[in-house]
Amino acid sequence: MSFVEAIMDKIPDRLGYLILTEDGAVLESGGELENDERVATIVTDLISISNSVDPVAFGPNEHFKKISITYDDHWFIICLSNKKIHVVKRSIQAPASEGIAVNV
């Protein structure tokens, strides 16, 4: 097990992960995102778009720190660190009270 795998295994509810270069090449991956070039392309395109959104509202050297994308049953967290793009797919756990009906 690599160092990255050991770290990623500690993330609760992790379904998969990608470590990408700044240009979107997959360096490491695991789980549901194992070698997922499609998601890698979507993520790098999203980063490109986010870096070019309204330069008047955001300073020219101001870039995102973290992007979260939420679906009904999972979410993606995307962040940059050490010139690498880190993507983690996590499941969303419904609260224990959700889905419990009380009949009176």
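- Per an unreviewed UniProt entry, the protein goes by Late endosomal/lysosomal adaptor and MAPK and MTOR activator 4 and derives from Leptosia nina.
- UniProt, in its Subcellular location (unreviewed entry) section for the protein, records the words "Lysosome".
- You can read under Sequence similarities (unreviewed entry) in the UniProt record for the protein the words "Belongs to the LAMTOR4 family."

A short note on helix α2 (residues 37–51)
- Between the first and last C-alpha of α2 there are 21 Å, a value that for 15 residues agrees with the 21 Å anticipated at 1.5 Å per step.
- All of the buried residues in α2 are Val39, Ala40, Val43, Thr44 and Ile47. The arc that holds the buried residues of α2, viewed along the axis, is 130°, so those residues lie on one side. Exposed positions of α2 whose direction lies more than 90 degrees from the buried face are Arg38 and Ile49.
- Backbone nitrogen of arginine 38 and a side-chain oxygen of the N-cap are separated by 3.2 Å at the start of α2; the cap is aspartate 36.

Observations regarding the sheet that holds strand β5 (residues 84–91)
- Taken in spatial order, the 5 strands line up as β2-β1-β5-β4-β3 in an open sheet, and their pairing is antiparallel. Taken across any chain shown, the strands that pair with only one partner, and hence form the sheet edges, are β2 (26–31) and β3 (66–70). Strand-to-strand twist of the sheet, defined as the mean angle between neighbouring strand axes without regard to direction, takes the value 10°.
- Pairing analysis gives 8 bridges linking strand β4 (residues 74–81) to β5, with the strands arranged antiparallel. The partner of isoleucine 77 across the bridge, within β5, is valine 88.

About the thresholds
Residues numbered from 1 in each chain as written. Predicted model: local features only at pLDDT ≥ 70, side-chain atom pairs only at ≥ 80, totals over all residues. Heavy atoms only, no water. UniProt positions renumbered as here; feature names shortened; annotations may be inferred. Helix = DSSP H or I, 4+ residues; strand = E, 2+ residues; numbered from the N terminus. Expected span 1.5 Å × (residues − 1). Buried < 20%, exposed > 50% of the residue type's maximum accessible area, 1.4 Å probe, protein only. Arc of directions from axis to C-beta. Polar contact = N/O pair within 3.5 Å; in protein donor to acceptor, adjacent residues only side chain to side chain. Pairing = 2+ DSSP bridges. Axes fitted to C-alpha atoms, helices over the stretch in contact; angles between N-to-C directions.

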